[in-house]
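# Working through the structure, step by step
Residues per chain are reported as follows:
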Amino acid sequence: MTKEEKKERLGQGIRALLNTVDAPNTEHRKDVIKEASRTVNDIPLDWIEVNPFQPRKDFDVTALEEMAASIRTHGIIQPITVRRLSADKFQIIAGERRLRAARLAGLETVPAYVLLTDDQGMLEIALIENIQREDLNALDVAISLNRLMTECNLTHESLSTRVGKDRSTVTNYMRLLKLPPEIQQALRKGTISMGHARALAGVTDLAMQLSIFKQTIDKNLSVRSLENLIKSYQESKHVKPKASIQNAEIRRIQDSLSGIFGTKVIVKRDAKGAGQISIHFNSDKALNEILEMMDKLE
């Protein structure tokens, strides 16, 4: 039997199973979906297209080669999951790394579960399957969460329920999307962690944010050190305007007194309000003039 004949025979078997899904009886349809999702089918690789909702954007070439070597020896142990688009066209839902590795390994078919789902369901499945992976970077998770929330019209609360994350966790991921491109890129590459990015997202001043980010990279700061650095910047930012206002007021008082006495006057004041006033004079005559002026003020 030729390769083409094998594919055609295989396709007839898959179509025989899946065509029954279109049956009008609702209860029967549910039963068929359950049956289809439990059945492993060997599907030709060239019948399967990639998932446009795939949250993962970066696939490590070395890791794929290692997986392909394992597949050549042991085969695919865990089937991928696909949905049917037509009789001989499927779209991958979960297991794109296995699919890519299978192609590298030179396989003609892959074992797969076939599910029936719409775009929203496919996006949800792809997202949930991927965010459970420890090696998926935080930025890709954030992008996927945002896409799911936008395209499926979900609130942060309903989104957190769908993906099994606390609402605060979802919010923290979404804040990553407001970071400048250079910080996002560092997060994607693993130069900084989710903890670093979350701390930087709390800095609203862009210039300060980028300055602190640069210091984080240059000094290889830990998350705790970064948080302390941000705290010190924010505290100094709040203190400086207050000190500036106080200094301006002191200068106004000095200028007013200098105008009254016709000589240099220095006012010193500490944070608690204590201080002193110094009136400059360079002769006894000048001192007497100041004293006379003070008498008149009384």
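Residues numbered from 1 in each chain as written. Predicted model: local features only at pLDDT ≥ 70, side-chain atom pairs only at ≥ 80, totals over all residues. Heavy atoms only, no water.

### Describing the overall build of the protein chain
Broken down by element type, the protein chain carries 13 helices and 7 strands. Here the protein chain, with 298 residues, has 36% of them falling under the buried criterion. Taking all contacts inside the protein chain whose residues are at least 6 apart in sequence as the whole, residues at least 24 apart take part in 65%. As displayed, the protein chain offers around 18100 Å² of accessible surface, 50% of which is attributable to carbon and sulfur atoms. (Helix = DSSP H or I, 4+ residues; strand = E, 2+ residues; numbered from the N terminus. Buried < 20%, exposed > 50% of the residue type's maximum accessible area, 1.4 Å probe, protein only. Contact = heavy atoms within 4.5 Å. Areas by Shrake-Rupley, 256 points an atom, 1.4 Å probe, with all protein chains shown as cover.)

### Some points on the nonpolar core
Counting residues in hydrophobic clusters, the biggest one holds 33 residues, and the most contacted among them are Leu159, Leu176, Ile192, Leu200 and Ile212. Mapped onto this core, the elements with two or more residues apiece are helix 6 (138-151), helix 7 (156-163), helix 8 (167-175), helix 9 (181-189), helix 10 (194-201), helix 11 (206-219) and helix 12 (223-261). Element by element, the count of residues in this core is highest for helix 6, at 7 residues. With residues up to four places along the chain from it excluded, the contact list for isoleucine 192 reads Ile183, Ala186, Leu187, Ala197, Leu200, Phe213 and Ile217. (Core = buried A, V, L, I, M, F, W, Y, C linked by side-chain atoms within 4.5 Å.)

### Focus on the pairing of strand 3 (residues 80-86)
Strand 3 sits mainly inside the fold: 5 of its 7 residues count as buried. Where strand 3 lies against strand 5 (residues 109-115), 4 bridges are found, and the strand directions are parallel. Each bridged residue has a counterpart across the sheet, and for threonine 81 the counterpart in strand 5 is tyrosine 113. Pairing of strand 3 with strand 4 (residues 89-94), which is carried by 5 bridges, proceeds in the antiparallel orientation. Its bridge partner lying in strand 4, arginine 83 is registered against glutamine 91. Counted along the chain from strand 3 to the antiparallel partner strand 4, the turn is 2 residues long. (Pairing = 2+ DSSP bridges.)

### Structural notes on the sheet that holds strand 3
Across the sheet, which stays open at both edges, the 5 strands sit in the order 1-5-3-4-2 with mixed pairing between neighbours. The sheet is open, and its two edges are formed by strand 1 (40-44) and strand 2 (48-49), each paired on a single side. Sheet topology places strand 1 next to strand 5; 5 bridges connect them, and they run antiparallel. By the bridge assignment for strand 5, isoleucine 43 is matched with valine 110. Here helix 4 (residues 96-105) sits on the sheet in contact with strand 2, strand 3, strand 4 and strand 5, set at roughly 125 degrees to strand 4. (Axes fitted to C-alpha atoms, helices over the stretch in contact; angles between N-to-C directions.)

### Let's talk about the pattern of salt bridges
Within the structure shown, the criterion is met by 6 salt bridges. With its nearest N and O atoms 3.5 Å apart, the salt bridge here joins lysine 89 to glutamate 49. In this pair, lysine 89 sits in strand 4 while glutamate 49 sits in strand 2, placing the two residues 40 residues apart along the sequence. (Salt bridge = Lys/Arg side-chain N within 4 Å of Asp/Glu carboxyl O.)

### Focus: the confidence of the model for the protein chain
The predicted model of the protein chain averages 77 in pLDDT, with 77% of residues at 70 or higher. Put simply, helix 2 (residues 26-38) is where the protein chain has its lowest mean pLDDT, 45, and helix 10 is where it has its highest, 93. With pLDDT under 50 throughout, residues 9-36 is counted as low confidence; its partners more than four residues away or in other chains account for 34 contacts. (pLDDT = per-residue confidence, 0-100.)

### So, the packing of helix 7 against helix 8
Their axes nearest at 8 Å, the elements helix 7 and helix 8 cross at an angle of 105 degrees. Of the possible angle classes, the one that applies to helix 7 and helix 8 is roughly perpendicular. Each of His156, Glu157, Leu159 and Ser160 in helix 7 lies in contact with helix 8, whose residues at this interface are Arg167, Val170, Thr171 and Met174. Among the residues making up the contact of helix 7 with helix 8, the classes are represented as 3 nonpolar, 3 polar and 2 charged. (Parallel < 35°, antiparallel > 145°, perpendicular 65-115°, else oblique. Nonpolar A, V, L, I, M, F, W, Y, C, P; charged D, E, K, R; others polar.)

### What about helix 8?
Turning to helix 8, its buried residues are Val170, Tyr173 and Met174. The buried residues of helix 8 occupy an angular sector of 100 degrees when the element is viewed end-on, so they sit on one face. Its buried side turned inward, helix 8 meets helix 6, helix 7 and helix 10. (Arc of directions from axis to C-beta.)

### A look at helix 10
Counting buried residues along helix 10, 6 of its 8 residues qualify, which places the element largely inside the surrounding structure. One side-chain oxygen of the residue at the start of helix 10 lies 3.3 Å from the amide nitrogen of glycine 195, identifying that residue as serine 193. (Polar contact = N/O pair within 3.5 Å; in protein donor to acceptor, adjacent residues only side chain to side chain.)

### Looking at the environment of valine 223
Mapped onto the secondary structure, valine 223 falls in helix 12. According to the relative accessible area criterion, valine 223 is partly exposed, its value standing at 25%. The spatial distance from the C-alpha of valine 223 to the C-alpha of arginine 198 is 9.4 Å, given a sequence separation of 25 residues.

### Points about unusual backbone geometry
Where the residue is not glycine, phi is negative for most of them; where a peptide bond is considered, it is trans in most cases. A positive phi angle, close to 50 degrees, is found at asparagine 220, a residue other than glycine. By the element assignment, asparagine 220 lies in the loop between helix 11 and helix 12.

### Considering the packing of helix 10 against helix 11
Where helix 10 contacts helix 11, the axes come no closer than 10 Å and their chain directions differ by 155 degrees. Considered as vectors, helix 10 and helix 11 are oriented roughly antiparallel to each other. Here helix 10 runs over helix 11; the crossing is right-handed. On helix 11, the residues that touch His196, Leu200 and Ala201 of helix 10 are Gln209, Ile212, Phe213 and Thr216. (Left-handed = near helix turned anticlockwise from the far one by under 90°.)

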